[in-house]
Amino acid sequence: MSSSHTRRMMLKGSHRRAGLLAATEITVVMAMLVVLCWAGSRLVSLPDDELAAQAAMSRACSDRPVYRLAMEETGNRLWVFRPSQEVTGLNLVTSQIDKSRSSSGVALSMVAHSRDGATSLLVTHDNFIWLDREGLDPVWTELSVDSPTPTDLAVSADGSVALVALSDGTVHGWSVIDTRAGAFEYRLPQRGRLTRMCLNGDGLRLFATFNDGSASIHDAMTGNTLIDSPRLDSECTSAVWSDDGRRIAVSAAGGSVGLIDAESGERVWNATANFRRELLRITALAISPDGRWLAAGGLNTQCIVWDVTTPDVVRRLSGHDGLIRSLVFSPHANSLFTGGLDGTIREWSLESFATLRKFE
């Protein structure tokens, strides 16, 4: 074989190898670009609800987080429910705890309560449901391991009705009269997984939402459907009745917030902006007793307050170090109380929107 022919063969081989290397480099570069684009999209996109919840839970979470707040009608006492085996009554005149009672020493995963703090409904981490009322021996039910998951609890403001909703639409309930509790059970019409429910003040009507966005109002004692509401744009994250029973505040995972007329089931007010980017997920709602103010708390530690006579956001309240778990207005609608996983309670003025007091 001639030397020129050998050189030509070597050149062809080197060109082939160069081509293969170039193709490989292009493939690697393209793969890196794909990874960078994916990572960039992950960095600029919002975390999903589960990740956001985990982040909020791990950030500044106290060993005594505030789960629920309830204001007595006089406005002199705020009931504080923590997963620390007790219910405490905070005297707002003296700023001291003046009343407390045991919650049976159970490890809680969910809790709901009446306005006066006398009736509590508890779900434990080991699948027990407890109904705890002053003067009444605790009533409990054990769910089997393969039973549907409890998704929400509700206790009427007057403590007369307590409900536990399971994911398949089954509702376990108790009618509480004095020191007696009568149990009942029914199943709501299946529209998907039941996600949220709330009772009006006297416990006669139940608002329920499902993961397909459907919502409806039911007879709380029988489960019979009274009104079908317009479908929400996404799964409901929080819902609460107004004190007068005329409206229901709802929020959805997509970031929408609105008010539903409890008689017609129609939407009567909507926030103009989508708050998914600000709150990540709304975890608490409250309507002031006069119906003027609507407050929402979310996973990013903020609280947003609207005057519902106008579509504009009034204020963004920042101060908590963790997720805001509960909101409640004072009876005269001149202040708002917020309770968070950071273990603190803050009182905010509805005139200056500044923090008035902080309780730990």
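Residues numbered from 1 in each chain as written. Predicted model: local features only at pLDDT ≥ 70, side-chain atom pairs only at ≥ 80, totals over all residues. Heavy atoms only, no water.

### A look at a negative patch on the surface
- Residues Asp116, Glu134, Asp158 and Asp202 make up a contiguous surface patch of negative charge.
- Position of Glu134 relative to the elements: it lies in the loop between strand E7 (128–133) and strand E8 (136–142).
- According to the relative accessible area criterion, Glu134 is partly exposed, its value standing at 41%. (Patch = residues over 30% accessible without salt bridge, like charges linked within 9 Å, V, L, I, M, F, W, Y side chains within 5 Å. Areas by Shrake-Rupley, 256 points an atom, 1.4 Å probe, with all protein chains shown as cover. Salt bridge = Lys/Arg side-chain N within 4 Å of Asp/Glu carboxyl O. Lys, Arg positive; Asp, Glu negative; His and termini not counted. Charge placed at Lys NZ, Arg CZ, Asp CG, Glu CD. Helix = DSSP H or I, 4+ residues; strand = E, 2+ residues; numbered from the N terminus. Buried < 20%, exposed > 50% of the residue type's maximum accessible area, 1.4 Å probe, protein only.)

### Things to note about the confidence of the model for the protein
- Averaged over the protein, the pLDDT score is 79; the fraction of residues at 70 or greater is 78%.
- Of all the helices and strands in the protein, helix H1 (residues 3–44) carries the lowest mean pLDDT, 39, while strand E15 (residues 215–219) carries the highest, 95.
- Here residues 1–48 is modelled with pLDDT under 50, and outside its nearest four sequence neighbours on either side it reaches 10 contacts, counting other chains as well. (pLDDT = per-residue confidence, 0-100. Contact = heavy atoms within 4.5 Å.)

### Some remarks on the packing of aromatic side chains
- All told, the structure shown has five aromatic pairs when counted by the stated rule.
- Aromatic side chains Trp130 and Trp140 sit 6.5 Å apart centroid to centroid with 35° between the ring planes, which places their arrangement in the tilted category. Of the two residues, Trp130 sits in strand E7 while Trp140 sits in strand E8, which places them 10 residues apart along the sequence.
- Pairwise contacts between aromatic rings join Phe128, Trp130 and Trp140 into one cluster.
- Looking at Arg325, its charged tip hangs above the ring of Tyr67, at a distance of 4.3 Å from the centre. (Phe/Tyr/Trp six-rings, centres within 6.5 Å; stacked < 30°, edge-to-face > 60°. Lys NZ or Arg CZ within 6 Å of the ring centre and 35° of its normal.)

### Things to note about the sheet that holds strand E27 (residues 345–349)
- With antiparallel pairing, four strands are arranged side by side in an open sheet as E25-E26-E27-E28. Only two strands of the sheet have a single neighbouring strand rather than two, namely strand E25 (324–329) and strand E28 (355–359). Shown here is a sheet whose adjacent strand axes are inclined to one another by a mean of 20°, direction ignored.
- The sheet contact formed by E25 and strand E26 (residues 335–340) spans five bridges and is antiparallel. For Val328, the partnering residue across the bridge sits in E26 and is Phe337. (Pairing = 2+ DSSP bridges. Axes fitted to C-alpha atoms, helices over the stretch in contact; angles between N-to-C directions.)

### What to know about the sheet that holds strand E17 (residues 236–241)
- One open sheet holds the four strands; their spatial order is E17-E18-E19-E20, and the pairing between them is antiparallel. Looking at the sheet topology across the chains shown, the edges are occupied by E17 and strand E20 (267–270). In this sheet, adjacent strand axes meet at a mean angle of 20° when their direction is disregarded.
- Strand direction decides the pairing type here: strand E18 (residues 247–252) and strand E19 (residues 257–261), joined by five bridges, are antiparallel.

### Side note on the layout of surface pockets
- Quantified by volume, the second largest pocket comes out at close to 160 Å³.
- Grouping the amino acids of the lining of the second largest pocket by side-chain chemistry returns three nonpolar, three polar and five charged. (1 Å grid on protein atoms, 1.4 Å probe; cavity = no way out; pocket = protein on both sides within 12 Å on 5 of 7 lines; lining within 4 Å. Points joined across faces, edges and corners; volume = space filled by probe spheres on them. Nonpolar A, V, L, I, M, F, W, Y, C, P; charged D, E, K, R; others polar.)

### Some remarks on the pattern of salt bridges
- Summed over all chains, the structure comprises 11 salt bridges.
- Notably, a salt bridge pairs Asp168 with Arg187, separated by 3.9 Å at the nearest N-O pair. Remark: Arg187 occurs in strand E12 (residues 180–187) and Asp168 occurs in the loop between strand E10 (161–166) and strand E11 (170–177); sequence separation between them is 19 residues.
- The exposure class assigned to Arg187 is exposed, which follows from its relative accessible area of 51%.
- Within this structure, Glu72, Arg77 and Asp98 form a network of salt bridges that share partners.

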